[in-house]
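What follows is each chain in one-letter form.
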Amino acid sequence: MSMDIAHIASLAPVIPVIIIDRLEDAQPLAEALVAGGLPVLEVTLRSPAALDAIRVMAKVPGAVVGAGTVIAPEQVAQVADAGAKFIVSPGTYPALVDAILDSGIPYLPGVATPAEMMYLLSRGIRHQKLFPATVVGGIDMLKAVSSPLSQIKFCPTGGVTAATAPDFLALPNVMCVGGSWVTPGNMVKAGDWAGITALAREAASLPRRS
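Here is what the cut-offs are and how they apply
Residues numbered from 1 in each chain as written. Predicted model: local features only at pLDDT ≥ 70, side-chain atom pairs only at ≥ 80, totals over all residues. Heavy atoms only, no water. Axes fitted to C-alpha atoms, helices over the stretch in contact; angles between N-to-C directions. Helix = DSSP H or I, 4+ residues; strand = E, 2+ residues; numbered from the N terminus. Parallel < 35°, antiparallel > 145°, perpendicular 65-115°, else oblique. Left-handed = near helix turned anticlockwise from the far one by under 90°. Contact = heavy atoms within 4.5 Å. Nonpolar A, V, L, I, M, F, W, Y, C, P; charged D, E, K, R; others polar. Buried < 20%, exposed > 50% of the residue type's maximum accessible area, 1.4 Å probe, protein only. Core = buried A, V, L, I, M, F, W, Y, C linked by side-chain atoms within 4.5 Å. Arc of directions from axis to C-beta. Pairing = 2+ DSSP bridges. Right-handed = clockwise from strand over helix to strand, strands pointing away.

Caption draft 1: Highlighting the packing of helix α2 (residues 26-35) against helix α3 (residues 50-57). Running from N to C, α2 and α3 cross one another at 50°; their axes reach a closest spacing of 9 Å. With respect to their mutual orientation, α2 and α3 come out oblique. Where α2 crosses over α3, the handedness of that crossing is right-handed. Between α2 and α3, the residues in contact are A26, Q27 and A30 and A53, V56 and M57, respectively. Class assignment for the residues of the contact of α2 with α3 results in five nonpolar, one polar and no charged.

In structure tokens:
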């Protein structure tokens with residue numbers, strides 16, 4: 001079933017941002033997160049195992065697996081071949097936007113300034129990732145752009161924690177948040193999948209306004 005980015009973002013209040021260093025962790029990690037109520041998984045292209053991890057995690061029942069840290073047009077075909085259901089980039093530029101839009105894969109582009117937000121609006125992209133959220137103004141930035149750029153819904157990512165996620169999710173222009181706190185490296189390394197499911201369950205229960 002084809003889904004747009006708005007639907008994907010609506011599936012849970014938190015999108016785990018995942019780095020897979022060991023391919024053998026991919027399946028049990030995805031299963032643990034889905035069991036905890038977080039089906040949308042962003043696997044970042046920050047390790048050699050990333051593309052194979054997307055392939056493995058995409059087979060987990062209930063998982064909606066996307067590729068993050070997509071920074072070059074040539075990566076679009078690679079993640080599509082791996083089975084990514086959506087694409088996330090830390091920033092944007094015209095050639096990258098062209099390649100992703102041409103692919104037809106749902107896209108969540110990163111923005112840090114109102115100028116970037118407006119450029120993406122001009123391309124018909126109304127769902128955007130504020131990144132790195134806490135560095136570029138966080139909640140204050142989101143409040144500041146909520147009126148002049150009211151068409152945009154955001155997924156703040158970068159520096160968002162279990163403690164601050166509720167404050168972001170309370171904003172009317174925030175659809176979900178991205179974060180790595182639900183996949184702590186020490187728990188993944190230890191294979192503490194029950195612990196990760198517990199963290200996911202807490203994150204999945206967070207209320208959101210929009």
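Caption draft 2: Structural context of the side chain of H127. Within the fold, H127 resides in strand β6 (residues 127-130). Judged by its relative accessible area of 14%, H127 is buried. Filtering out sequence-adjacent residues up to four positions away, H127 remains in contact with I5, A6, Y107, L108, P109, K153 and M175.

Caption draft 3: Looking closely at unusual backbone geometry. The residue after F131, namely P132, is reached through a cis peptide bond having omega -15°. Tracing the sequence through the fold places P132 in the loop between β6 and α7 (138-145). The phi torsion at T69 lies on the positive side, around 55°, for a residue other than glycine. Topologically, T69 is positioned in the loop between β3 (64-68) and α4 (74-82).

Caption draft 4: Structural context of the nonpolar core. If you look at the biggest cluster of nonpolar residues, it comprises 61 residues, and the most contacted ones within it are M57, M117 and V177. Of the residues forming this core, the biggest block, five residues, is contributed by α2. Among residues more than four places away in sequence, those in contact with M57 are I18, I20, A26, A30, L41, V43, A63 and V65. Formed by 13 residues, the second largest nonpolar core is a distinct cluster that contains M3, V64, F86 and V88.

Caption draft 5: α4, seen in detail. Regarding α4, the residues found buried are Q75, V76, V79 and A82. For α4, the arc enclosing every buried residue in end-on projection is 130°, short of the 170-degree limit, so these residues lie on one face. In this structure, α4 carries E74, A77 and D81 as exposed residues pointing more than 90 degrees from its buried face. Contacts made by the buried residues of α4 are with α3, β3, β4 (87-89) and α5 (94-103). Looking one or two residues past α4, G83 carries a phi angle of roughly 100°, positive in sign.

Caption draft 6: Layout of the environment of P90. By secondary structure assignment, the location of P90 is in the loop between β4 and α5. Assessed through its relative accessible area of 28%, P90 is described here as partly exposed. C-alpha of P90 to C-alpha of T134: the two residues are 44 residues apart in sequence and 14 Å apart in space.

Caption draft 7: Structural view of the pairing of strand β2 (residues 40-44). Most of β2 is tucked away: five of the five residues are buried. Pairing of strand β1 (residues 14-18) with β2, which is carried by two bridges, proceeds in the parallel orientation. Counted as the bridge partner of I18 is V43 from β2. Taken together, β1, α2 and β2 constitute a β-α-β crossover, and its handedness is right-handed. When β2 meets β3, the two strands line up parallel, connected through five bridges. Looking at the pairing, L41 lines up with V65 of β3. For the crossover that starts at β2, traverses α3 and ends in the parallel β3, the hand is right-handed.

Caption draft 8: Quick peek at the environment of A200. Its location among the elements puts A200 in helix α10 (residues 193-204). Residue classification places A200 among the buried residues on the basis of a relative accessible area of 0%. Separated by 21 residues in sequence, A200 and G179 place their C-alpha atoms 11 Å apart. Filtering out sequence-adjacent residues up to four positions away, A200 remains in contact with L33, G36, L38 and V182.

By themselves, these are just geometric observations and shouldn't be taken as functional.
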